[in-house]
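Geometric and topological summary
Listed here are the chains, written in short residue letters.
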Amino acid sequence: MRSPRVVSLGWAWVLLLLLTACRPVLQVSLVEGARQLPAPRFLVEDPEHGDRPRYNTVQVLDRAGEMYWQLRAEPFGDLASVASLTYGEAPAGFTVLDGPRALQPGGRYALYVVGKNRGTLHFDVDPEGHITEADP
């Protein structure tokens, strides 16, 4: 027979797993009217913080894993994060670590925003330079 203490610890562990697995992620999308090369615009929303999202790193990679653009908040933390990003333009409070390299027609890319939570948007560039959301 199991002791009540072991059963209580088991339920506490299950509750902890459920609470951490349900943590909201940052939602990343394309901004209508700004889905064109050379500088598409992205919207970042944080379900936990209505005033602005919380992140400290931005990365854009191609499908081969090549870094096209990388930013980091300086000083490190989420105080400088903004709700809207334009490719190639570092927001105030961010340092460019890599790039930006020109996005190429026909390319597939992923934008990652990372902090306590994280979000991703996969996107394609068509031959005319229009940007569309893509499945991972």
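What counts as what
- Residues numbered from 1 in each chain as written.
- Predicted model: local features only at pLDDT ≥ 70, side-chain atom pairs only at ≥ 80, totals over all residues.
- Heavy atoms only, no water.
- Pairing = 2+ DSSP bridges.
- Helix = DSSP H or I, 4+ residues; strand = E, 2+ residues; numbered from the N terminus.
- Axes fitted to C-alpha atoms, helices over the stretch in contact; angles between N-to-C directions.
- Phe/Tyr/Trp six-rings, centres within 6.5 Å; stacked < 30°, edge-to-face > 60°.
- Lys NZ or Arg CZ within 6 Å of the ring centre and 35° of its normal.
- Core = buried A, V, L, I, M, F, W, Y, C linked by side-chain atoms within 4.5 Å.
- Buried < 20%, exposed > 50% of the residue type's maximum accessible area, 1.4 Å probe, protein only.
- Contact = heavy atoms within 4.5 Å.

**Some words on the sheet that holds strand E1 (residues 27-30)**
Taken together, the three strands give an open sheet; going across it, the order is E1-E2-E5, and neighbouring strands pair in antiparallel fashion. The open sheet is flanked by E1 and strand E5 (84-86), the only strands paired with a single partner. Sheet twist, expressed as the mean angle between neighbouring strand axes with direction ignored, is 25°. Judged from the three bridges that link them, strand E2 (residues 41-45) and E5 form a sheet pairing that is antiparallel. Counterpart to Leu 43 in the pairing with E5 is Ser 84.

**Overview of the packing of aromatic side chains**
Taken as a whole and judged by the stated rule, the model has five aromatic pairs. Here the aromatic residues Phe 42, Tyr 68, Tyr 109 and Phe 123 are joined through ring pairs into a cluster of three or more. When the ring centre of Tyr 68 is taken as origin, the NZ or CZ atom of Arg 101, which lies over that ring, is 4.1 Å away.

**What to know about the nonpolar core**
Judged by nonpolar contacts, the single largest core of 25 residues is most densely connected at Tyr 55, Val 58, Val 60, Leu 103, Val 113 and Phe 123. Elements with a contribution of two residues or more to this core: E1, E2, strand E3 (57-62), strand E4 (67-73), strand E7 (108-114) and strand E8 (118-125). Not counting residues within four places of it along the chain, the set of residues in contact with Val 113 comprises Leu 26, Val 28, Val 44, Tyr 55, Thr 57, Val 58, Leu 85, Arg 118 and Gly 119.

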